[in-house]
Amino acid sequence: MYWTEFLTVALIHLLAVASPGPDFAVVVRESVTHGRRAGTWTALGVGTAIFLHVGYSLLGIGLIVSQSIVLFNALKWAAAAYLLYIGYKALRAQPAKAVTDDLHKEAGERTPRGAFTSGFVTNGLNPKATLFFLSLFTVVINPHTPLAVQAGYGLYLAAATAVWFCLVARLFSQQRVRAGFARMGHWFDRTMGVVLIAIGVKLAFTEMH
């Protein structure tokens, strides 16, 4: 009965998650810099944060945030500040002395908790994700759809997001890919830093519609 609605939700989510953004940038950076395990934990952090968005969407809190300029701006600036912070850290990357040794060394420095938190915070503080889930649960999904079914949609969205970014992590953490990026050394980190800062600045000037 709800298959048509579910397929619509799945298609919209696929288009949204596949577009480059803060989540993609963070997962790629963690995967290339610290390896597959860190990239995977970051992807799981991003996926888990989806439950946060789904939760407040089901509770109607997202509607309150969307109608409050103060709350929206607070969320927006918190997200922008976090992206600027990790972007600044990436800009300070120094040249590696030995490519192979550096890869193994950095892969062991990143804890699962740190990688997971990085992914969770990046997605959880993204106001665009807030507006996306708000519109999804108020426009695309029928308000009369049973709460249990809507929760099922949320479970799918979280799982699909985690799987997608785990695949991204798997791709960018391959030794040949990492070695290729490592040849550019600190320039890759600095480039990712510029990207994250640009996203943060753009986010800071996002207006609520």
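Residues numbered from 1 in each chain as written. Predicted model: local features only at pLDDT ≥ 70, side-chain atom pairs only at ≥ 80, totals over all residues. Heavy atoms only, no water.

Considering the overall build of the protein
- In terms of helices and strands, the protein carries eleven helices and zero strands.
- Listing each helix as α and each strand as β along the protein from the N terminus yields α-α-α-α-α-α-α-α-α-α-α.
- Expressed as a percentage of the 209 residues in the protein, the buried residues total 45%.
- Counted over contacts in the protein with a minimum sequence separation of 6, partners at least 24 positions apart contribute 88%.
- When the accessible surface of the protein is totalled, it reaches about 11200 Å², and 69% of it is carbon and sulfur. (Helix = DSSP H or I, 4+ residues; strand = E, 2+ residues; numbered from the N terminus. Buried < 20%, exposed > 50% of the residue type's maximum accessible area, 1.4 Å probe, protein only. Contact = heavy atoms within 4.5 Å. Areas by Shrake-Rupley, 256 points an atom, 1.4 Å probe, with all protein chains shown as cover.)

Description of the UniProt feature "transmembrane region" (unreviewed entry) in the protein
- According to UniProt, the "transmembrane region" (unreviewed entry) feature falls on residues 41-63, 70-88, 153-172 and 184-205.
- Here residues 153-172 is 100% helix and 0% strand, with 29 Å between the C-alpha atoms at its ends. (UniProt positions renumbered as here; feature names shortened; annotations may be inferred.)

Let's talk about the nonpolar core
- Core analysis: the biggest nonpolar cluster contains twelve residues, these being F6, V9, I50, V54, F132, F133, L136, F137, I141, Y153, L157 and A158.
- Those elements that place two or more of their residues in this core are α1 (3-18), α3 (36-59), α8 (127-140) and α9 (147-172).
- If you tally residues by element for this core, the top one is α8, at four residues.
- In this structure, V46, F165, A169 and F172 belong to the second largest nonpolar core, which totals ten residues. (Core = buried A, V, L, I, M, F, W, Y, C linked by side-chain atoms within 4.5 Å.)

Focus: helix α7 (residues 112-124)
- With 13 residues, α7 extends 18 Å between its outermost C-alpha atoms, agreeing within 8% with the 18 Å of an ideal straight helix rising 1.5 Å per residue.
- The complete set of buried residues in α7 reads G114, A115, S118, G119, T122, N123 and G124. (Expected span 1.5 Å × (residues − 1).)

A short note on the pattern of salt bridges
- Throughout the structure, instances matching the rule amount to one salt bridge.
- E30 is the salt-bridge partner of R110, the closest N and O atoms lying 2.7 Å from each other. Of this pair, R110 sits in the loop between α6 (99-109) and α7 while E30 sits in helix α2 (residues 22-34); the two residues are 80 residues apart in sequence, bridging distant segments of the chain.
- Note on R110: relative accessible area 23%, which makes it partly exposed. (Salt bridge = Lys/Arg side-chain N within 4 Å of Asp/Glu carboxyl O.)

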